[in-house]
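# Examining the three-dimensional arrangement
Below are the chains, spelled out letter by letter.
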Amino acid sequence: MSDGASRDGGRDAAVVGGGIAGAAACLRLAALGRRVLWIAPPLEEGDRPGEQLAPAARALLARLGAAGLLEAPGHRPANRQLSAWGSAQLAERDAIVHLEGPGTVLDRPAFERDLAALARAAEGVERVEAALAGAERGPEGWRLSLAGGEALPPVPFVIDASGRAAVVAAPLSQRFRADRLAALVAFLPQDPESEVAPTRATLIEAVADGWWYASLLADGRLALNYYSDPDLLPREASRDPAVLQGLLAGTASVGRWIDEAGFHLAGPPRLASAGTTWLAPVAGPEAAGGREGAGWAAVGDAAAAFDPLSSHGMTTALWSGIQAAEAADAWLAGDAEPLARYAAAVAEGVVDFLKARSRIYGMERRFAGRTFWQRRAG
Ligand SMILES: Cc1cc2nc3c(=O)[nH]c(=O)nc-3n(C[C@H](O)[C@H](O)[C@H](O)COP(=O)(O)OP(=O)(O)OC[C@H]3O[C@@H](n4cnc5c(N)ncnc54)[C@H](O)[C@@H]3O)c2cc1C
């Protein structure tokens with residue numbers, strides 16, 4: 001179904017949030033024959049950070065009938081990663097970023113747009129273009145209301161895919177935080193006069209107060225991110241491009257590479273939260289039909305948001321959207337076991353991620369005395 005269809009109740013589930021996790025949950029629920037109300041404001045126009053799609057995402061997209069999206073012209077294969085991590089020398093160290101080899105460098109806005117279009121066209125999905133403002137559990141299920149005040153007919157299950165805000169799940173759960181990593185994000189055009197063909201390798205460089213990431217997009221611009229902690233970033237870093245330029249001057253490789261290829265900052269960078277934070281539990285209640293007949297699950301960043309060093313956020317969003325949709329389907333049929341298994345799998349994933357994070361940050365010893373690295377040691 002499309003926008004404007006009557007919100008006549010009789011829905012099996014509501015999915016809150018219009019990103020990758022929400023689209024994946026809608027597609028999987030629709031494939032299982034469920035009727036879904038998809039509540040999300042329109043996608044924001046313009047660039048957004050996060051373009052490295054891990055190889056594992058391909059199989060997940062195929063499960064959603066969406067593998068063809070990666071063939072669109074705005075995406076390109078990720079060739080290789082060069083890292084100055086643990087040493088000033090740039091070396092090919094795939095394991096630092098991708099544990100499973102190369103993946104895809106996305107045109108991220110186009111990918112999200114295309115995935116959302118597939119989901120909203122799926123039989124059984126009705127999209128409501130608004131933010132969720134309220135969610136209350138009652139005997140008849142979830143009572144949801146939209147920004148603007150509209151109350152929706154009750155639904156028995158809610159999937160929270162609202163990103164780090166976790167608007168439904170956060171009040172039901174406990175939030176944990178491993179760090180407060182922040183990213184300065186910029187997209188740099190290349191000087192049209194430049195005759196240098198920029199490398200297609202992704203570059204990672206550790207520095208005293210954080211690390212840099214640079215990757216060429218298919219449209220010829222360079223995606224540049226600087227990761228540090230908010231209290232370690234210079235003042236005005238997200239307002240004045242000269243501050244980022246100054247930070248770049250302190251790099252051994254990334255800054256030189258940018259200069260030589262003729263890339264330039266076209267404006268101030270954007271500041272984004274990129275810390276590792278998660279909820280526990282991420283789903284409930286444990287008995288189907290229990291706790292007033294209102295089930296819930298958090299997916300994607302709403303469940304667990306990871307430091308982008310692993311480049312697995314989008315893949316986790318796809319995986320968790322699929323898993324939670326299947327668990328919701330079983331829960332609605334009276335079987336709560338898959339929902340409990342989903343919650344346990346996310347909790348295990350968090351533990352595994354935290355171990356990998358310590359190991360990877362522990363590989364960089366040159367800055368062991370610096371606050372940024374000390375916060376992540378061991
Ligand atoms: C700087 C940076 C770089 C990254 N790089 C990578 C990378 O290279 N590779 C990778 O795989 N991952 C990367 N990530 C992580 C990745 O972007 C996220 O893990 C992914 O976007 C999570 O998708 P999501 O759908 O869960 O959440 P989101 O993309 O945050 O989507 C949440 C949606 O919910 C909507 N919403 C919020 N509140 C409400 C409400 N009240 N009602 C309805 N809707 C609401 C929002 O509008 C939004 O559309 C990066 C993240 C950052 C910050």
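Below: a short report on this structure. (Residues numbered from 1 in each chain as written. Predicted model: local features only at pLDDT ≥ 70, side-chain atom pairs only at ≥ 80, totals over all residues. Heavy atoms only, no water.)

Note the cis peptide between alanine 280 and proline 281, where omega equals 0°. Mapped onto the secondary structure, proline 281 falls in the loop between strand S18 (277-280) and strand S19 (283-284). Glycine 284 connects to proline 285 through a cis peptide bond whose omega is -10°. With respect to the helices, strands and loops of the structure, proline 285 is situated in the loop between S19 and helix H7 (290-293). The backbone of alanine 166 shows a phi angle near 40°, a positive value even though the residue is not glycine. Backbone geometry at serine 311 places phi at a positive 50°, although glycine is not the residue there. In this structure, serine 311 sits in the loop between strand S21 (304-305) and helix H8 (313-332). (Helix = DSSP H or I, 4+ residues; strand = E, 2+ residues; numbered from the N terminus.)

By nearness alone, 32 residues border the ligand, and Gln52, Arg108, Leu132, Asp301 and Met314 come closest of all. In the model, an oxygen atom of the ligand is placed 3.3 Å from a nitrogen or oxygen of the arginine 48 side chain. With respect to the ligand, the backbone of methionine 314 contributes an N or O atom lying 2.8 Å from an oxygen atom. Taken by itself the ligand offers 1,000 Å² of open surface, and the protein chains cover 87% of this. Counting residues per element, the ones that place at least two in the shell around the ligand are helix H1 (20-31) and H8. (Near = heavy atom within 4 Å. Polar contact = N/O pair within 3.5 Å; in protein donor to acceptor, adjacent residues only side chain to side chain. Areas by Shrake-Rupley, 256 points an atom, 1.4 Å probe, with all protein chains shown as cover.)

The next point concerns the environment of valine 196. Within the fold, valine 196 resides in the loop between strand S13 (182-188) and strand S14 (202-207). Apart from the residues within four sequence positions on either side, valine 196 is in contact with Gln190, Glu260 and Ala261. (Contact = heavy atoms within 4.5 Å.)

This part is about the packing of aromatic side chains. Aromatic ring pairs are described here by two measures, namely the spacing of the ring centres and the angle between the planes. Enumeration according to the criterion identifies 13 aromatic pairs in this entry. With 5.8 Å between their ring centres and 15° between their planes, phenylalanine 176 and tryptophan 278 make a pair best called stacked. Within this pair, whereas phenylalanine 176 is found in strand S12 (residues 174-177), its partner tryptophan 278 is found in strand S18, the two being separated by 102 residues in sequence. Using a relative accessible area of 14% as the deciding quantity, one classes tryptophan 278 as buried. (Phe/Tyr/Trp six-rings, centres within 6.5 Å; stacked < 30°, edge-to-face > 60°. Buried < 20%, exposed > 50% of the residue type's maximum accessible area, 1.4 Å probe, protein only.)

Strand order in the open sheet formed by six strands is S8-S2-S1-S11-S20-S19, with mixed pairing between adjacent strands. The open sheet has two edge strands with one neighbour each: strand S8 (125-128) and S19. As paired strands, strand S11 (residues 157-160) and strand S20 (residues 295-298) are joined by four bridges and run parallel to one another. Bridging from a neighbouring strand, aspartate 160 pairs with alanine 298 of S20. Along the sheet, H8 contacts S11 and S20; its crossing angle with S11, the most-contacted strand, is approximately 170°. (Pairing = 2+ DSSP bridges. Axes fitted to C-alpha atoms, helices over the stretch in contact; angles between N-to-C directions.)

Let's shift gears to the pairing of strand S2 (residues 36-39). Across the two faces of S2 the burial is the same, with Val36 and Trp38 and Leu37 and Ile39 all buried. Where the polypeptide runs from strand S1 (residues 13-16) across H1 and back to S2, its parallel neighbour, the crossover connection is right-handed. Relative to S8, S2 is paired through four bridges, and the arrangement is parallel. If you follow isoleucine 39 over to S8, its bridge partner there is valine 128. (Right-handed = clockwise from strand over helix to strand, strands pointing away.)

Evaluation of the coordinates by the stated rule reveals 24 salt bridges. The salt bridge partner of arginine 221 is aspartate 219, with a shortest N-O separation of 3.0 Å. One continuous salt-bridge network, built from bridges that share partners, spans Asp229, Asp231, Arg375 and Arg376. (Salt bridge = Lys/Arg side-chain N within 4 Å of Asp/Glu carboxyl O.)

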